[in-house]
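Observations on chain architecture
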Amino acid sequence: MLNYCWEAVSGQLSYSVSEEVNPGTSVGNIAKDLNLNVQDLESRMFQIIVSGSKRKYFDVNLKTGVLYVNERIDREELCAKATTCTVSVEAVINNPLKLYRLEVNVVDINDNAPHFPENLQSLNIAESTVPGGKFGFIGASDIDVGKNDVSTYKISPNDYFSLEVDKGGESISAQLVLQKALDREKQSTVKLTVTAVDGGNPPRSGTSQIVINVLDINDNAPVFSSSLYKARISENLPVGTTVIILNATDADEGLNSEVEYSLRSKGQDHVLDLFQIDSNTGAILVKGKIDYEENPAFEIHAQASDKGTPPMSAHCKVLVEVVDLNDNAPEITVTSLLDTVKEDAEVGTAIALVSVLDKDGGKNGEVKAVISNETPFKLDTNYKNYYSLVVSGPLDREIKAQYNVTIVATDEGTPPLSSTSIVTVHVSDVNDNPPRFSEPLVNVYVKENSPVGSVIKTVTAVDADTNQNSQVSYSFLQSNSNSLQLSTMVNINSETGDIISLQSFNFEDIKTFQFKVQATDSGVPPLSSNVTVNVFILDENDNNPAILAPYSEHGSVNSESIPYSAEAGYFVGKIRAVDADSGYNALLSYHLSEPKGNNLFRIGTSSGEIRTKRRMSDNDLKTHPLVVLVSDNGEPSLSATVSIDVVVVESTADIQTQFRHVPVKEESFSDLNLYLLIAIVSVSVIFLLSLISLIAVKCHRTDSFSRYSAPMITTHPDGSWSYSKATQQYDVCFSSDTMKSDMVVFPAQFPPVDGELISINSGDTFTRTQTLPSKEKLLHQ
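What counts and what doesn't
- Positions within a chain are numbered from 1, following the residues in the order the chain's sequence is written.
- Two thresholds apply to this predicted model, a pLDDT of at least 70 for residue-level local features and 80 or more for giving and counting side-chain atom pairs, whereas whole-chain, interface and lining totals are computed over all residues.
- Water and hydrogen atoms were dropped before computing side-chain values, which therefore reflect all heavy atoms in the structure.
- For helices the rule is a DSSP run of H or I covering at least 4 residues; for strands it is a run of E covering at least 2, with both sets numbered from the N terminus onward.
- Any residue under 20% of the maximum accessible area for its type is buried, any over 50% is exposed, and the rest in between are partly exposed; the area is computed with a 1.4 Å probe on protein chains only.
- For this analysis, residues touch if any pair of their heavy atoms sits within 4.5 Å.
- Reported accessibility uses the Shrake-Rupley method at a 1.4 Å probe radius. Residues are deemed covered only where the shown protein chains occlude them.
- A patch consists of residues exposed above 30% relative accessible area that lack any salt bridge, with like charges linked at up to 9 Å and nonpolar side chains (Val, Leu, Ile, Met, Phe, Trp, Tyr) linked at up to 5 Å.
- For this document, the term salt bridge refers to a Lys or Arg side-chain nitrogen within 4 Å of an Asp or Glu carboxyl oxygen.
- By definition, two strands form a pair when at least two bridges between them are found by DSSP.
- Interaxial angle, 0 to 180 degrees, is taken between N-to-C directions of lines fitted to C-alpha atoms, where a helix line uses only the stretch in contact.
- Each residue carries a pLDDT score, the predictor's confidence in it, ranging from 0 to 100.
- Stacked, tilted and edge-to-face are the three classes applied to pairs of Phe, Tyr and Trp rings, where Trp contributes its six-membered ring and a pair requires centres within 6.5 Å; stacked means planes under 30 degrees apart, edge-to-face means over 60, and tilted covers the rest.
- Comment: the charge-over-ring label is applied if NZ (Lys) or CZ (Arg) is within 6 Å of the ring centre and within 35 degrees of the ring normal.
- By convention a nonpolar core is built from buried Ala, Val, Leu, Ile, Met, Phe, Trp, Tyr and Cys residues, the set being connected through side-chain atoms within 4.5 Å.
- Here a polar contact is taken to be a pair of N or O atoms separated by no more than 3.5 Å, where protein atoms must pair a possible hydrogen donor with a possible acceptor and residues adjacent in sequence count only if both atoms sit in side chains.

Turning our attention to the overall build of the protein. Within the protein, the secondary structure is distributed over five helices and 55 strands. Within the protein, the proportion of its 781 residues that are buried is 43%. Taking contacts inside the protein between residues at least 6 apart in sequence as the whole, the part at least 24 apart equals 66%. Counting every atom, the protein has about 40300 Å² of accessible surface; 51% of that belongs to carbon and sulfur.

Turning to a nonpolar patch on the surface, a few remarks are in order. On the surface, a nonpolar cluster with roughly 340 Å² of combined accessible area is contributed by Leu677, Val681, Val685 and Leu689. With respect to the helices and strands, the residue Leu689 is situated in helix α5 (residues 671-699). For Leu689, a relative accessible area of 52% corresponds to the exposed category.

Strands sit in the order β34-β38-β37 across an open sheet of three strands; the sheet is antiparallel. Two strands close off the open sheet at either side, each with one partner strand: β34 (455-458) and β37 (490-492). Geometrically, the sheet is characterised by an average inter-axis angle of 25° between neighbouring strands, direction not taken into account. Across three bridges, β34 lies against strand β38 (residues 498-501) in antiparallel orientation. The partner of Val455 across the bridge, within β38, is Ile500.

A few words on the confidence of the model for the protein. Across the protein, the average pLDDT comes to 82, with 83% of residues at or above 70. In the model, residues 657-668 has pLDDT below 50 throughout and makes 19 contacts with residues more than four positions away in sequence or in other chains. Per-residue pLDDT stays below 50 along residues 702-781; that stretch engages in 181 contacts with residues further than four places along the chain or on separate chains.

Scanning the model with the defined rule gives 22 salt bridges in all. The salt bridge partner of Arg72 is Asp74, with a shortest N-O separation of 3.2 Å. The partner of Arg101 in a salt bridge is Glu90, and the shortest N-O contact between them spans 2.5 Å. With Arg101 in strand β7 (residues 98-107) and Glu90 in strand β6 (residues 86-93), this residue pair connects regions lying 11 residues apart in the sequence. Taken individually, Arg101 and Glu90 each receive the classification buried, so the pair is uniform in this respect.

Here the focus is the environment of Ala464. On the secondary structure map, Ala464 appears in the loop between β35 (461-462) and β36 (472-476). Expressed as a C-alpha distance, the spacing of Ala464 and Asp429, which sit 35 residues apart in the sequence, is 10.0 Å.

With that settled, consider the packing of aromatic side chains. One pass over the full model with this rule turns up 10 aromatic pairs. Taken together through their ring pairs, the aromatic side chains of Phe476, Phe505, Phe513 and Phe515 make up a single cluster. Across the ring face of Phe507, the terminal group of Lys511 is positioned such that the distance to the ring centre comes to 5.0 Å.

This brings us to unusual backbone geometry. With an omega dihedral of 0°, the bond running from Asn201 to Pro202 counts as a cis peptide bond. Tracing the backbone shows Pro202 in the loop between β13 (189-198) and β14 (205-215). With an omega of 15°, the peptide bond between Ala549 and Pro550 qualifies as cis. Assignment of secondary structure puts Pro550 in the loop between β41 (546-547) and β42 (557-563).

Most often, soluble globular proteins have nonpolar side chains that are buried together. Of all hydrophobic cores here, the largest spans 28 residues; its most connected members are Ile30, Phe46, Phe58 and Leu67. If sequence neighbours within four positions are ignored, Phe58 has contacts with Val17, Val27, Ile48, Val50, Leu67, Tyr68, Val69, Asn70, Ile73, Val87, Val89 and Val104. Among the nonpolar cores identified, the runner-up in size contains 27 residues, and Val243, Ile244, Tyr261 and Val320 belong to it.

Next up on the list: the environment of Asp142. One can find Asp142 in the loop between β9 (134-136) and β10 (150-155). Under the relative-accessibility criterion, Asp142 is labelled buried at 2%. Along the sequence, Asp142 and Ser205 sit 63 residues apart, while their C-alpha atoms lie 9.4 Å from each other. Side-chain polar atoms of Asp142 contact the backbone nitrogen of Asp144, separated by 2.9 Å.

Our focus in this paragraph is the sheet that holds strand β47 (residues 609-612). Sheet strands pair by backbone hydrogen bonding; their relative direction is either parallel or antiparallel. Read across the sheet, three strands follow the order β43-β47-β46 without closing on themselves; strand pairing throughout is antiparallel. Each end of this open sheet is capped by a strand with a single partner; those strands are β43 (571-574) and β46 (601-603). Direction aside, the axes of adjacent strands within the sheet are offset by 20° on average. Relative to β47, β46 runs antiparallel, the two sharing three bridges. Within the sheet, the bridge partner assigned to Arg602 lies in β47 and is Arg611.

In structure tokens, the structure reads:
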């Protein structure tokens, strides 16, 4: 905070203005004196604050930068009898916020005449009073100060009295001095006019008429031991405490010498409220509360009267100085400049003006103010007991939105007194926090064939700011690669963050896709953050097994022939099927639906090979209708059937079938065995080349949204072929006896989980060496 310093003794910019000037009177060009641009005053909200007053005595013309009187100023009302009268004014300008302190000295004008509390006064003076006797009367007062106060007294021309004026420091008093002996028989009363004149220009005056009653006999008046008494007392003395004891004596005898003391009853009402005098002893006693802050000194007028007839009296003046005690705690006044302070406020930003006042004087009135608790604020001293509450450290509304700043003001008295004021500072929000997702990556698992319009996931971002700065909206972060396709697949609710499917997904067409969601707040400027969403489509058992050639599915009859001499285990045929699903849903098993009592054939549950259980007998039928049921392992299980008629012939020459592999052991290595070996080697080479090509294609596949690829054909050692429409990842397994087993191919589930490797031997069983995905992993998340 900047303090503007004027090159003067006070070290501060100051102006002077006379009291009672007309509103609108120019005091000074404050904009020029503070080096401010007049054109910026209005836009920067330049304003004037009068410290410690509810009245706005001054204001500024924002067009010209002139400080002017805003309303009537009465110095006597504002500062009473103070020697100097100063009004503290604070000038505040914003953008950036700066504070300037200045003083306006209100100059007294002679707008008040001296005033006598009594327009008519009477004195009783004995005719025997010798010339030179002095008699006091009630003086005048003037609420103006300095030279405008009472400066002298005058008396009207007369034959008996003159006026003696006594100037003691700042007080002026006068006494009547008898110049010529009185003679009651010639003139029983003397009327005088006393005029009090101030020192103003032009001077003002006030008058009071004094009527002197000339008394007979009792010719000696009491005489005080001193015409002026002085005393020092502390404030807050208990009632009844003796201030001073006056002493007066009378030269007469008897009743004429007995003295009674009293305080003058006119013109000192405030004294009579606080003091009293013992009529017999002359002791002045405390009657009320003595407060230094209200009256630092008193002037008491006392008189002593004898009991003669007529009574005679004498007057004296008692000056009582009140010693200040530290009985007033400092008073703290806070003027707020800002209702709230932004959390990004710079260090040094002024929040409030703090003024501290202690009514005591001297050391008792010297005050120091500090902040007693730990806060990011401090007090900067502006001038004397005026401070600015400013920001001293970083603010963060998200950590603390309100501070209670405790200001403690302590004086230098003994013992010191202090007071406390709590200033509540509210920290307002700025948009300094982007929305935050709980995790940077979200995996969503969606079952295929789920209904369109279902909510597949709700993403939520939290913004630590408040109000508008914390209102979050959601949207897709578009990219050139997937923006068009993504708009047809999912949508997002901008208010709730619900991700809604726009189509029913097919695992066989698409297995996964990725996109980014952006959360943006409503602040200015808006802040945002992103989260990556991976959507994995979970396979459902929605595809039946498909029978591969050379057999056709249920509805047509296929036939195979076997010789009557076939041994147990004779190879009849092999059923091959594929399932477009994956995992358990694509794991197929084969079963025979045999007529009751037929126990001639068996089928490998995993291989699909149909073989004889035993040798033929004469009781067996010549034609055996078989129905093969191919089932997958899904829930619920789906299946397909194929019908085969097995015809028993007398010799092998009658057997005509394609793709026949007869695994009957030959006792000698014939030409047929040679051809068979060459065929097996050729098929194996083709298979290996196909497998290598499949791996290469998989490693170079880059488009995660590819849906179709070329069909894949798998060969088998017996000369049969497997056909698949879907391009998927396959697990390929062989038994140790390659000549007697088939390649078992089934697609793997996505996302990557623990796969299952199934080794199939020539029998009907398989051995698991790894774990298939558990049901829990397939749940929609």
